[in-house]
Amino acid sequence: MIVTFVVVVALVFDFTNGFHDTANAMATTIATGALKPRVAVGIAGALNFAGAFISITVAATVAKGIVDANIVTPTVIFAGLLGAIAWNLITWWFGVPSSSSHALIGGIIGSALAAVGTKAVEFRGILSSVLIPALIAPVLAALVAAAATFIVYRLIKPYAQGRAERGFRWAQIASSSMVALAHGTNDAQKTMGVISLALITNGNLKGGDSFDVPTWVVFCCATAIALGTYTGGWRIIKTLGTKVTEVRPPQGFSSESVAATVILVSSHFGYPLSTTHVVSGAVTGSGVGRPAAQVDWSVARRIVYGWLLTIPAAAATAAIVYGITDIFGKNSAVGPIAMTLVLAIAGFFLYRANKASSVKPEDTVTSDVFDEPQPVNA
Amino acid sequence: MSHFFLAADSSPLVDWSALGQVALISVIAGVLIASILGVGIVASLRASDERGRGNDSAALGMNVVTGVAVLLVAAAVVVGIYYIAHKG
C-alpha cells in the first residue's frame, strides 16, 4: 500500500521538477523572443520526454553515498519526496530557480535523519557529491559564459543590434534544446531511480547492481516530467529570463551553449552538476560579459539564498513528514494517506492563489525584443 | 594542500584532476562554440553587405565561412547528443 503512495508522490515530484526546471532550458529563449512562450515549453516538454528514453543508465544512485542504503524504506522515500515537493512549490511561488535534485537529496537526508539519526547520513558523500560541485558549477558557468558573451559582442560590435541578433535567435533554439534534452535524461532518471528503489525495498522488483527499470516506470516518469515542463513554471522563467539581467539573443545563445557544454562535460567526467545552478550561473555571467548590460545582484543574491536553504529546508520538511507518518506506525499506510491529503489540499490552495496572481507567459518576454534595431554598443 | 581534502579512508575527497579537466574543456568548448557561431553570423552579415556592393566573389567567400561555422556548431550539437545518449 505504501509503495503505491511512493509511486504517486514520486510522479508528482517529477511533475514539479518539470515545471520548476522549464526555465533552465527556455527562459532565455522566451525572453529574447526566439520562440513564443507556448512553443518553447512545448519543445522543452517533448525533449524532456525523449531525453527520458535516450539513456537508460539506471539512476538508483539518488541516495547512494548520501545516506546509508540499508535504512532506506518506502516511508523514508515517501517523506523525502514530500519534503522535496514542498520546497519545489515554495521556491516556484517565489520565482527562485533552485535545484530539484538538491531538494530531493535534502528530503532523503531529512527523512533518514528522522528515521535513524546522524549515523544514517554519509557526510563525506554529501560534501564531495553535492556541496563542492554546487560551489563550483555556477562559478565555472558564469566565468565561461561571461568570456563567451564578451567575445561574441566584440565580434558583432560593428553591426546594428537587431540585424546581428537575428542569427543568434535561431541558434538559441538549438542550444536551449540541448539543455532540455540533457535535463530529460538526468532528472527523469532520478525519479525512475526513486520509484525503482521503492519497488526493490518492497520486494516488487529484483535488486542488484544491474536491474532493469520497468518500462511502465520509464514511460510514467517521462510523461510526468514532460507534462510538468509543458505547464511552464512562468514565475521562474520570468526571474531567469528577465530579472537577473536583460537577456539579448547573443547572450542567450552564449549562456545556453556554455550551460549545455558544462553540463555534458561534467556529466562525462562523473560530476553530475545541477542544471539549475549551471544555467543560473551562465545567465548571470552573460550579463557580466555583455557590454553595458547590468546584472541585478539583489535577484542573484536571492537565488543564492534559495540554493543555501534548499537542502536544510527540504530536509526539515521531510523530517517533520516522517515524524507524522511514524505516529501511525512504521508500516501503516494511514500516515502516508494523511500526508498525501495534506499535500493535495495545499496544492489546491496554491493553485487557487496562483490563479489570482498569475504570472502569464507574455510576462516572461523582454519588453523590447521586437523593437527597431539599434547599434550593439549603444 | 591537497592532503587537506583527504579523509580518514585516504581516498581523495575531490578528484581535482578530473575537475581541472572539466573546467578546461568547458572553457575551451564553451568559448569556442559561441565564437565560431559569432564568426559565422558576422560572415553572413558581411556577405550581405558585399552582395549589396556588387562584390559577388567576396560574398561567396563569406557565405562559405558562414556555412563552415554552422557545420561546426551542428557537429558540436551531434557530439553533445552522443554524450547524452552514452553517459555513465
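Reading the values: rules and limits
Residues numbered from 1 in each chain as written. Chains lettered and ligands numbered in written order. Predicted model: local features only at pLDDT ≥ 70, side-chain atom pairs only at ≥ 80, totals over all residues. Helix = DSSP H or I, 4+ residues; strand = E, 2+ residues; numbered from the N terminus. Rg over C-alpha atoms; globule rule 2.2 N^0.38 Å. Buried ≥ 20, exposed ≤ 12 C-beta atoms within 10 Å, placed from the backbone. Contact = placed C-beta atoms within 7 Å. Core = buried A, V, L, I, M, F, W, Y, C linked by C-beta atoms within 7 Å. Nonpolar A, V, L, I, M, F, W, Y, C, P; charged D, E, K, R; others polar. pLDDT = per-residue confidence, 0-100.

**Here we look at the overall build of chain A**
Secondary structure assignment for chain A yields 12 helices and 0 strands. The order of helices and strands in chain A, counted from the N terminus, is α-α-α-α-α-α-α-α-α-α-α-α. Taking 378 residues into account, the globule formula puts the C-alpha radius of gyration at 21 Å, and chain A, at 21 Å, falls close to it. Here the C-alpha coordinates of chain A stretch approximately 70 × 45 × 35 Å along the principal axes. Counting the 378 residues in chain A, one finds 60% classified as buried.

**Examining the overall build of chain B**
Across its full length, chain B carries 2 helices and 0 strands. Counting all 88 residues of chain B, 27% fall into the buried class. Within chain B, contacts between residues at least 6 apart in sequence are counted, and of these 40% link residues at least 24 apart.

**Points about the nonpolar core**
Residue and element names in this part refer to chain A. The biggest cluster of nonpolar side chains holds 78 residues, and the ones touching the most others in it are Ala141, Val144, Ala259 and Val262. At 15 residues, helix 5 (residues 123-156) tops the list of elements feeding residues into this core. In this structure Ala259 touches Ala141, Val179, Val278, Val279 and Ala282, once residues within four positions along its chain are discounted. Within the second largest apolar cluster, 63 residues are counted, among which are Val9, Val67, Ile105 and Val321.

**Observations regarding the interface of chain B and chain A**
The interface of chain B with chain A comprises 32 residues on the first partner and 42 residues on the second. Secondary-structure elements contributing two or more residues to the side of chain B that touches chain A are helix 1 (16-52) and helix 2 (56-85) of chain B. Of all the elements, helix 1 of chain B adds the most residues to the side of chain B that touches chain A, at 21 residues. Partitioning the side of chain B that touches chain A into residue classes produces 23 nonpolar, 8 polar and 1 charged.

**Side note on unusual backbone geometry**
Excluding glycine, a negative phi dihedral is what most residues carry, and trans is how most peptide bonds are arranged. All names here are of chain A. Unusually for a residue other than glycine, Ala292 sits at a positive phi of about 70 degrees. Relative to the helices and strands, Ala292 is located in the loop between helix 10 (275-289) and helix 11 (297-327). Residue classification places Ala292 among the exposed positions, given that 8 C-beta atoms sit within 10 Å.

**What to know about the environment of B:Gly61**
Residues and elements named next belong to chain B. Along the polypeptide, Gly61 turns up in helix 2. You can call Gly61 partly exposed: it has 15 C-beta atoms within 10 Å. C-alpha of Gly61 to C-alpha of Ala47: the two residues are 14 residues apart in sequence and 7.7 Å apart in space.

**A word on the confidence of the model for chain B**
Residue and element names in this part refer to chain B. Per-residue confidence for chain B averages 83 on the pLDDT scale, and 85% of its residues sit at or above 70. Across residues 1-8, confidence stays below pLDDT 50; counting only partners more than four residues off in sequence or on other chains, it has 9 contacts. Reported confidence for the predicted complex is 0.84 by ipTM and 0.87 by pTM.

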